[in-house]
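A closer look at the structure
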Amino acid sequence: MTCDEAKILLHALLDNELDAGHAREVEAHIVGCPACAAEFAAQREMQRVLADTDLRYAAPASLRTRIEASLPQPQRRQPTRRSVLRGFAMGSAVSALAASGVVAVVLRQDDQQRILSEVVSAHLRSLQAGHLIDVVSTDQHTVKPWFNGKLDVAPPVIDLTAQGFTLVGGRLDYIDARAIGAVVYKRRQHVINLFVSQTSNAEYRAPKTETMQGFNCRRWGNRGLNFWAVSDIGADELAEFVDKFEAAMKANVEG
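Predicted, not measured: the structure shown is a model, and the values here were computed from it.

Okay, the overall build of the protein next. Broken down by element type, the protein carries seven helices and seven strands. The order of α-helices and β-strands along the protein, N terminus first, is α-α-α-α-α-β-α-β-β-β-β-β-β-α. Counting only residues that meet the buried cut, the protein has 34% of its 255 residues in that class. Here the contacts in the protein between residues at least 6 apart in sequence split such that 57% fall between residues at least 24 apart.

So, on to the pairing of strand 3 (residues 178-187). Counting buried positions along strand 3 yields seven of 10 residues, so the element is predominantly enclosed. Relative to strand 3, strand 2 (residues 166-175) is paired through nine bridges, and the arrangement is antiparallel. If you follow G170 over to strand 3, its bridge partner there is V183. Bridge count for strand 3 against strand 4 (residues 190-198) is seven bridges, and the pairing is antiparallel. Each residue of the ladder has a partner; that of K186, found in strand 4, is V191.

All right, on to the environment of G181 then. Structurally, G181 can be placed in strand 3. Relative accessible area serves as the criterion here: at 0%, G181 is assigned to the buried category. Separated by 28 residues in the primary sequence, G181 and V153 place their C-alpha atoms 8.9 Å from one another. What G181 contacts, discounting residues up to four positions off in sequence, is F147, L151, P155, R171, L194, F195 and V196.

Phi is positive for D176, which is not a glycine, with a value near 55°. Tracing the sequence through the fold places D176 in the loop between strand 2 and strand 3. Located in the positive-phi region is R188, a residue other than glycine, with phi close to 55°. Within the secondary structure, R188 is located in the loop between strand 3 and strand 4. Look at R188 and you get exposed, because its relative accessible area is 53%.

So, on to the environment of F40. Positionally, F40 belongs in helix 3 (residues 34-52). Accessibility expressed as a relative area gives 11% for F40, which makes it buried.

Glancing now at the pattern of salt bridges. As enumerated under the stated definition, the model contains 10 salt bridges in all. A salt bridge links R114 to D176; the nearest nitrogen and oxygen atoms lie 3.0 Å apart. With R114 in helix 5 (residues 81-126) and D176 in the loop between strand 2 and strand 3, this residue pair connects regions lying 62 residues apart in the sequence. Here D176 falls in the partly exposed class, since its relative accessible area comes to 32%. Here R219 and E210 are joined by a salt bridge, their closest N and O atoms 2.8 Å apart. Look at E210 and you get buried, because its relative accessible area is 17%. Connected through salt bridges with shared partners, the residues R187, R188, E237, E240 and K244 form a single ionic network.

With that settled, consider helix 1 (residues 3-14). Compared with an ideal rise of 1.5 Å per residue, which puts 12 residues at 16 Å, helix 1 spans 16 Å between its outermost C-alpha atoms and is within 8% of the ideal. Buried within helix 1 we find A6, L9, L10, A12, L13 and L14. At the C-terminal side of helix 1, N16 shows a positive phi close to 55°.

What counts, and where the lines are drawn
Residues numbered from 1 in each chain as written. Predicted model: local features only at pLDDT ≥ 70, side-chain atom pairs only at ≥ 80, totals over all residues. Heavy atoms only, no water. Helix = DSSP H or I, 4+ residues; strand = E, 2+ residues; numbered from the N terminus. Buried < 20%, exposed > 50% of the residue type's maximum accessible area, 1.4 Å probe, protein only. Contact = heavy atoms within 4.5 Å. Pairing = 2+ DSSP bridges. Salt bridge = Lys/Arg side-chain N within 4 Å of Asp/Glu carboxyl O. Expected span 1.5 Å × (residues − 1).

Given below as structure tokens:
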């Protein structure tokens, strides 16, 4: 394991987010590398300091009293038997609807987080030696045909070298128990994996950035495809990559 690979995984090791195999590899590297050992010790000390620091602010009780005093007081009226029963029935119906809606939202969010975790894990696997690329080429006309016949829908492959994001190749990966395409770019020495899968939802879903295990992930949906762009570059640079990719893809379709 190189220092560059180890430094990417130090945060995950510190947070106990690595599987046993990767954890052993990073720990073995730290033992023999004073620079990475010092970096790991500094990160662990920062974690300890943050954990021991009380950053919670407790508002004074007088603030609650002032807010409640400023609110208009409702006029109290003796409830009738009928109003009580009606209110109970309506409350039960609303509660049932709300509960079903909340459960649906929670399940959908859990599913999205699970897939995001798989995407980040696939990105981590790709950074190991020999796992990044199945087809090596900076030519989009070489990379895109390579996917044909291997997937139901070949991912769009766009050359963004002139915009500062170099196309280096592509590979097959597995997310949510199915094969999907991964188009690989580089920004300076940083790898950007663009994972693409087919979906039945043809609606456009605006890009959204999330962070997991120290990596930024920008996901969106367009033209019946789901996209996840993952890298350790800054969120602003990753957003720039997605914007340029979307603009180029739109120009290709309209052209």
